[in-house]
Amino acid sequence: NRWLTCKSLAPGTLERIADTVADRVRVPWFAGAVKINVSLVPPLVLLPVFLHVAALHFLLGLVILTSLPVLVLWYYYLTHRRKERTLFFLSLGLFSLGYMYYVFLQEVVPRGHVGYSQVVALTCGLILMLAALSRAKKDPGYLPIPASNEKSSHQGLPNKSVRGSSNGLHGVTMSGTASGRAVNGEAKGYSRMSAGEPEGVKKDWCTKCQLVRPARAGHCRLCGRCVRRLDHHCVWINSCVGEQNHQAFILALSFFMLTSVYGITLTLHTICRGRTPFVALFYCPGAYSDYSSALSFTCVWYCAIVTAGMGYILLIQLLNISYNVTEREARLALRDNTGRRLLGGLVIDTGQYNRGFLCNWGHFLSLGSSPPQRSAEDIV
């Protein structure tokens, strides 16, 4: 009514309207209407439209393929600044995989230059990647929330003090932790030695989860939980990467890179005969001779852009593993000026856990091999 009468809107009106629309977007189902996450809709609708429009002309393809990464980065920084979890990136990634595979089967395979064994190999790589992604989506190593904290949250009363009876920890008050500084949503301050830990390995108190977390654990401000050996929160899987799923995360990235590069190579060999894949990616005169070739070539460039981004993420991950440092530790080391930049700044070596290339990789490959031991401090 205010819009129609050209009256001013009260602050927060648009946000409330958007929340109401998002809540009312439901699909009828047997057990009742199912709510649809609004962040799932844009990739399903806009991606095919953009790619088909980009296939109409070379200049349209150049504009759209340049603007898509900018829009994705803008949405990432918007949600990251608001500390929001979103299914947009996960749905974009999964739908991109499905749609690229569909275009490959519909437009590339019928040309007769791709063999049956090559289609099987590409399909197996896609299945293996999805299996690794499914494993990476599971528990990253969340620390158990103390029962006292859950009870106090239900009662709506702040937990002023936490006491331990079995390990002699008494009088750990909130005032003792208030001096800690907040770093990227984490409370880092109250720190002490554990009786069962070797010298130099510390545990610190998390004011958010109200627990003493072990070394290398961190609090994720998006998930609202502490994670063992927290590396980072990955928007592409909408979950944290920690001790229990870091290996699966690396496997998913590796399978994606191999499958994507293989699919790009097969497509370029089909639509740009007689040229190497790298040359054909930048010079393919017959790419826009017909709509089928143009759509395939546009999808190849879209895959190349995504693959380059994922390849950079995988490279940083492999370098961090080689120096036994997590993304979180590198970020904190940069803030405190306690680490040194190596390889042109691609990796930050804190020196705290670095034991050499082989030992570092041995440590990584042994992550999650045995269930973490819970001390009395962890469940205070």
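Residues numbered from 1 in each chain as written. Predicted model: local features only at pLDDT ≥ 70, side-chain atom pairs only at ≥ 80, totals over all residues. Heavy atoms only, no water.

- Looking at an unreviewed UniProt entry, one finds the protein named Palmitoyltransferase, with Circaetus pectoralis as its source organism.
- Under the UniProt heading Sequence similarities (unreviewed entry), the note attached to the protein is "Belongs to the DHHC palmitoyltransferase family."
- If you open the UniProt record of the protein and go to Catalytic activity (unreviewed entry), you find "L-cysteinyl-[protein] + hexadecanoyl-CoA = S-hexadecanoyl-L-cysteinyl-[protein] + CoA". (UniProt positions renumbered as here; feature names shortened; annotations may be inferred.)

**Brief notes about the side chain of Asn238**
- Position of Asn238 among the secondary structure elements: in the loop between strand 12 (232–234) and strand 13 (239–241).
- Not counting chain neighbours up to four residues away, the residues in contact with Asn238 comprise Arg85, Thr86, Leu87, Lys137 and His233. (Helix = DSSP H or I, 4+ residues; strand = E, 2+ residues; numbered from the N terminus. Contact = heavy atoms within 4.5 Å.)

**Let's talk about the environment of Leu128**
- Mapped onto the elements of the fold, Leu128 is located in helix 5 (residues 116–136).
- Separated by 123 residues in the primary sequence, Leu128 and Leu251 place their C-alpha atoms 8.9 Å from one another.

**Notes on a nonpolar patch on the surface**
- Where nonpolar side chains cluster on the molecular surface, the patch consists of Val41, Leu44, Val45, Leu46, Val49, Val53, Leu56, Leu60 and Tyr291 and spans about 720 Å² of accessible area.
- Sorting elements by how many residues they give to the nonpolar patch places helix 2 (residues 41–54) first, with six residues.
- Counting through the fold element by element, Val45 comes out in helix 2. (Patch = residues over 30% accessible without salt bridge, like charges linked within 9 Å, V, L, I, M, F, W, Y side chains within 5 Å. Areas by Shrake-Rupley, 256 points an atom, 1.4 Å probe, with all protein chains shown as cover. Salt bridge = Lys/Arg side-chain N within 4 Å of Asp/Glu carboxyl O.)

**Quick look at the state of the cysteines**
- Evaluation of the coordinates by the stated rule reveals one disulfide.
- Covalent S-S linkage joins Cys272 and Cys284, the inter-sulfur distance amounting to 1.7 Å. Handedness of the Cys272-Cys284 disulfide follows from its S-S torsion of about -105°: it is left-handed. A residue pair is termed long-range when its members are at least 10 positions apart, and Cys272 in the loop between helix 7 (246–271) and helix 8 (277–282) and Cys284 in the loop between helix 8 and helix 9 (291–322) qualify at twelve residues. (Disulfide = S-S within 2.5 Å.)

**Brief notes about the UniProt feature "transmembrane region" (unreviewed entry) in the protein**
- Within this structure's numbering, the places UniProt gives as "transmembrane region" (unreviewed entry) are residues 49–75, 87–104, 116–133, 248–271 and 291–315.
- Helix makes up 89% of residues 49–75 and strand 0%. Its end C-alpha atoms lie 19 Å apart.
- Between the end C-alpha atoms of residues 116–133 the distance is 26 Å, and the span holds 100% helix and 0% strand.

**A look at unusual backbone geometry**
- Despite not being glycine, Gln210 has its phi angle at roughly 60°, a positive value.
- Note that Gln210 resides in the loop between strand 8 (202–206) and strand 9 (211–213).
- Backbone geometry places Arg229, a non-glycine residue, at a positive phi of 45°.

**Observations regarding the nonpolar core**
- Grouped together as the largest cluster of nonpolar side chains are 31 residues, with contacts concentrated most on Leu51, Met100, Leu268 and Tyr302.
- Only helix 2, helix 3 (58–81), helix 4 (88–108), helix 7, helix 8 and helix 9 provide two or more residues apiece to this core.
- When residues in this core are grouped by element, the largest group, eight residues, is from helix 9.
- Other than its neighbours up to four places away in sequence, Leu51 contacts Tyr99, Met100, Leu295, Thr298, Cys299 and Tyr302.
- Judged by nonpolar contacts, the second largest core, of 21 residues, contains Leu97, Ala136, Phe256 and Ile321. (Core = buried A, V, L, I, M, F, W, Y, C linked by side-chain atoms within 4.5 Å. Buried < 20%, exposed > 50% of the residue type's maximum accessible area, 1.4 Å probe, protein only.)

**Topic: the packing of aromatic side chains**
- Inspection of every chain in the model, using the stated rule, returns 14 aromatic pairs.
- Plain terms: the ring middles of Trp361 and Phe364 are 5.7 Å apart, the flat faces sit at 80° to each other, and that makes the pair edge-to-face. With a gap of three residues between them, Trp361 and Phe364 both fall in helix 11 (residues 357–365), about one helical turn apart.
- We classify Phe364 as buried; its relative accessible area is 3%.
- Put simply, the rings of Tyr75, Tyr76, Tyr77, Phe88, Phe89 and Trp236 touch in pairs and so form one group of aromatic residues. (Phe/Tyr/Trp six-rings, centres within 6.5 Å; stacked < 30°, edge-to-face > 60°.)

**Quick notes on the confidence of the model for the protein**
- Predicted confidence across the protein gives a mean pLDDT of 81, with 81% of residues reaching 70 or more.
- Counting contacts from residues 153–201, a segment whose pLDDT is below 50, to residues more than four positions away or on other chains yields 76 contacts.
- A low-confidence stretch, residues 375–380 (pLDDT under 50), is modelled with 23 contacts involving residues beyond four sequence positions or located in other chains. (pLDDT = per-residue confidence, 0-100.)

**Some remarks on the pattern of salt bridges**
- Summed over the entire model, instances satisfying the criterion amount to five salt bridges.
- Among the salt bridges present, the one from Arg335 reaches Asp336, with a minimum N-O distance of 2.4 Å.

**Focus: the packing of helix 3 against helix 9**
- Contact geometry for helix 3 and helix 9: axes closest at 11 Å, N-to-C directions at 30°. Here helix 3 is positioned roughly parallel relative to helix 9, judged by the angle of their axes. You can see that helix 3 and helix 9 cross each other, and the crossing is right-handed. Residue-level contacts link Leu65, Leu68 and Pro69 of helix 3 to Thr298, Trp301, Tyr302 and Ile305 of helix 9.
- Among the residues making up the contact of helix 3 with helix 9, the classes are represented as six nonpolar, one polar and no charged. (Axes fitted to C-alpha atoms, helices over the stretch in contact; angles between N-to-C directions. Parallel < 35°, antiparallel > 145°, perpendicular 65-115°, else oblique. Left-handed = near helix turned anticlockwise from the far one by under 90°. Nonpolar A, V, L, I, M, F, W, Y, C, P; charged D, E, K, R; others polar.)

**Overview of helix 9**
- Here helix 9 spans 46 Å end to end across 32 residues, near enough to the 46 Å set by a 1.5 Å rise per residue.
- Put simply, Asp290 is the residue that caps the front of helix 9, since its side-chain oxygen is 3.3 Å from the backbone nitrogen of Ser292.
- Of the residues one or two after helix 9, Asn324 is the one with positive phi, at around 55°. (Expected span 1.5 Å × (residues − 1). Polar contact = N/O pair within 3.5 Å; in protein donor to acceptor, adjacent residues only side chain to side chain.)

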